[in-house]
Amino acid sequence: MVSSLIGFIRFFELDVKQKKEYFGRDMTKKVVYNTNFDLYSSPAANWRDTILFHMAPNPPEPEQLPTCCREIVTEFSKEMLNLGDVLFQLLSEALGLRSNHLKEIGCLEGMDTAYNYYPVCPEPELTLGATQHTDTGFITVLAQDDIGGLQVLHRNRWVDVPPMSQGLVVNLGTLLQVMSNDKFTSVEHRVVLKGAEPRVSAISFFGIGYTLNTRLYGPVEELLSEDNPPKYKKTTIKDLVAHAYKQGLDGTSFLHHLKLMD
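Just so you know, these numbers come straight off a predicted model, no measurement behind them. (Residues numbered from 1 in each chain as written. Predicted model: local features only at pLDDT ≥ 70, side-chain atom pairs only at ≥ 80, totals over all residues. Heavy atoms only, no water.)

(A) Spotlight on helix α3 (residues 70-94). Taking 1.5 Å per residue, 25 residues should reach 36 Å; α3 reaches 36 Å between its end C-alpha atoms and fits that length. Within α3, the full set of buried residues consists of V73, F76, S77, M80, G84, D85, L87, F88, L91 and S92. Residue G96 follows α3 closely and has a positive phi angle near 80°. (Helix = DSSP H or I, 4+ residues; strand = E, 2+ residues; numbered from the N terminus. Expected span 1.5 Å × (residues − 1). Buried < 20%, exposed > 50% of the residue type's maximum accessible area, 1.4 Å probe, protein only.)

(B) Structural detail: the side chain of S180. Note that S180 resides in the loop between α5 (174-179) and β9 (189-191). When its relative accessible area of 3% is taken as the criterion, S180 is described as buried. A polar atom in the side chain of S180 sits 2.8 Å from the backbone nitrogen of F184. (Polar contact = N/O pair within 3.5 Å; in protein donor to acceptor, adjacent residues only side chain to side chain.)

(C) Expanded view of the environment of P229. For P229, the location among the structural elements is in the loop between β10 (199-206) and α6 (237-247). Assessed through its relative accessible area of 32%, P229 is described here as partly exposed. In sequence terms P229 and P219 are ten residues apart; their C-alpha atoms lie 9.1 Å from each other.

(D) Summary view of the nonpolar core. Membership of the largest hydrophobic core comes to 49 residues, with the highest contact counts inside it found for F88 and Y115. With six residues, the top contributor of residues to this core is α3. Each residue touching F88, except ones within four places of it in the same chain, is listed here: S99, L102, C107, L108, F138, I139 and F206. Judged by nonpolar contacts, the second largest core, of ten residues, contains A130, V191, L193 and I203. (Core = buried A, V, L, I, M, F, W, Y, C linked by side-chain atoms within 4.5 Å. Contact = heavy atoms within 4.5 Å.)

(E) Seen up close, the sheet that holds strand β5 (residues 139-144). Read from one edge to the other, the open sheet built from six strands follows the order β1-β2-β3-β10-β5-β8, with strand pairing classed as antiparallel. Single-partner strands in this sheet number two, and they are β1 (31-34) and β8 (169-172). The average undirected angle you get between the axes of adjacent strands in this sheet is 20°. By the bridge criterion, seven bridges tie strand β2 (residues 49-56) to strand β3 (residues 111-118) in an arrangement that is antiparallel. When the bridges of β3 are listed, L52 appears paired with A114. Packing against the sheet, α3 makes contact with β2, β3, β5, β8 and β10, and its axis sits at approximately 120° to β3. (Pairing = 2+ DSSP bridges. Axes fitted to C-alpha atoms, helices over the stretch in contact; angles between N-to-C directions.)

Following this line, the structure appears as structure tokens:
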């Protein structure tokens, strides 16, 4: 897995003129490159560059992808969609549902693939690669290099997630927490800067918020009962993402507006 990330680094090593072609903050575009996509809404800037590809349901045309990583972006995204299919089957079964339930209600319809590049920082103790947040969608699948830096919040303490050269990290997102009615919990995480080399990661986000998808998502009806009433009101992915960026990506804060009860 680490070796496959080398292909993604090629884009970030291009000169500024070549990268500028993809630069922007219109997150509805099929390919978007920027630093700090939430720069004007986040309370702090992060030490990283990102290129984002909207790969499902309507992927970019091949000529819209950077030549230097066109093949690997296409192949990686294809494999992540296949993996996502398997993961949603397992998550459905874990909830006591039919294996295809989450897929049938749209969890596999949308996927964004992002590649993050964290340059070497001269004063890493003064900043973060990614501030504390939860992912807004259903699940996130992460491939990271061997530099490390990912941390999860566990019992009010930050715990390192050691990189595994042939492994993937799967985070549960806020929307899946809503749909499971708190049976699943979204993961608070961040990225600290370490090491004398740049860090790179490849991330697939299932559940996208920049499309015109108007489907409402709420607690799955099959999970509800008199003893387990719904805890959240329904929302669209787009509205959830918009609220998250407005309030900050701390999952506790932007889940609060969906709560039906304490």
